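Inside the fold
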Amino acid sequence: MKKRNNIITVAIDSPAAAGAGTQAKLIARHYNLFHLDTGRIYRIIGKLKIKYPKKFSYSLIKKKIKILKIKDLNNKNLLSDKVATSASIVAKDKKIRNIVHRFQQKCAYSPPTKYAGSVLDGRDIISVQVRDAMFKFFITASLETRAKRRFREYKSLNKKISFREVLKSLKNRDKSDRQRKHGPLKKTKDSILINTTKLSRKRCFEKIKAIMDRKLKS
Ligand code: C5P
């Protein structure tokens, strides 16, 4: 893969429902960057495992990733708690992470030329995928706040799930994502911590924008 020169690269890691996806979208729009929500790829694989439990294999995953279109990542049926949980299970597998790695590298370092660069968000973006990113943000929020936000999101999508179930599921996913052997979620020393617990989307983006503009305009 040929890497594009002089592009802006933004790497974001965060636990689930901390607001990283929203901020990544705002960053992408403002700076004209290609956005990849890497969790969606694991969700697609997690969904594959639910749909084809017997046929589920590395070759099936490779085939799926090979024909993956960016619009497939926006499919609303990926947004259920069942799929999220399945995603966090398949995400523990090193071979699966390697398959996803190649797709992510292309998006990060060789985004379509109409974009000035890329912004990727996930769990191991700073620590593994885009270690030399120009900007590195670790976005977090309290478990309670994240659960409230995710619960609200599920409600708007008419998902039948209680607040307690959402809270429990996020807690389990946090544990699994932080403690797994390959690509665990962790805050690296070189990343900037953004705690969104008491910040509105707008305030949070203003904070990120101020940091980015300082460097881009210097
Ligand atoms: O971000 P999202 O909640 O959609 O991610 C679903 C799951 O995919 C996470 O709980 C995590 O286990 C996995 N994931 C990952 N590495 C990433 C992005 C997501 O392991 N870079």
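Note on numbering: residues in each chain are counted from 1, in written sequence order. Under the rules for a predicted model, residues below a pLDDT of 70 receive no local features and side-chain atom pairs below 80 are neither given nor counted, while totals for whole chains, interfaces and linings still include all residues. Heavy atoms throughout the structure, all of them, feed into the side-chain values; hydrogens and water do not.

**Side note on the sheet that holds strand E2 (residues 34-37)**
As a reminder, the rule being used: In this description, strands pair whenever DSSP reports at least two bridges between them. Helix and strand definitions follow DSSP, with helices as H or I runs of at least four residues and strands as E runs of at least two, each counted in order from the N terminus. Helix axes use the C-alpha atoms of the stretch in contact, all axes being lines fitted to C-alpha atoms, and the angles between their N-to-C directions lie in the range 0 to 180 degrees. By definition, residues are in contact when any of their heavy atoms lie within 4.5 Å.
Strand order in the open sheet formed by five strands is E2-E3-E1-E4-E5, with parallel pairing between adjacent strands. Strands at the two margins of the open sheet, each flanked by one partner only, are E2 and strand E5 (192-195). Each neighbouring strand pair of the sheet contributes to a mean axis angle of 20 degrees, computed without reference to strand direction. For strand E1 (residues 8-13) and strand E3 (residues 117-122), the ladder comprises six bridges, and the chain directions are parallel. In the strand pairing of E3, Val 10 is matched with Val 119. This element, helix H5 (residues 94-109), spans E1, E2 and E3 of the sheet and lies at about 140 degrees to E3.

**Some thoughts on the pattern of salt bridges**
Where side chains of opposite charge bring their charged atoms close, a pairing between them can arise. To keep it simple, the criterion reads: Here, a salt bridge means any Lys or Arg side-chain nitrogen found within 4 Å of an Asp or Glu carboxyl oxygen. Categorising residues by exposure relies on relative accessible area from a 1.4 Å probe, with only protein chains included: less than 20% of the type maximum marks a residue as buried, more than 50% marks it as exposed, and the intermediate range marks it as partly exposed.
All told, the structure shown has eleven salt bridges when counted by the stated rule. When the shortest N-O distance is used, the salt bridge between Arg 40 and Asp 37 registers 3.6 Å. Arg 40 gets classed as buried once you look at its relative accessible area, which sits at 15%. Among the residues examined, Asp 37 registers a relative accessible area of 22% and is labelled partly exposed. One salt bridge in this structure joins Arg 203 and Glu 206, with 3.1 Å as the shortest N-O distance. Highlighted residues: Arg 203 and Glu 206, both in helix H9 (residues 201-216), separated by three residues, approximately one helical turn. Of the residues examined, Arg 203 reaches a relative accessible area of 44% and is grouped as partly exposed. Connected through shared salt-bridge partners, Arg 123, Asp 177 and Arg 180 make up one network.

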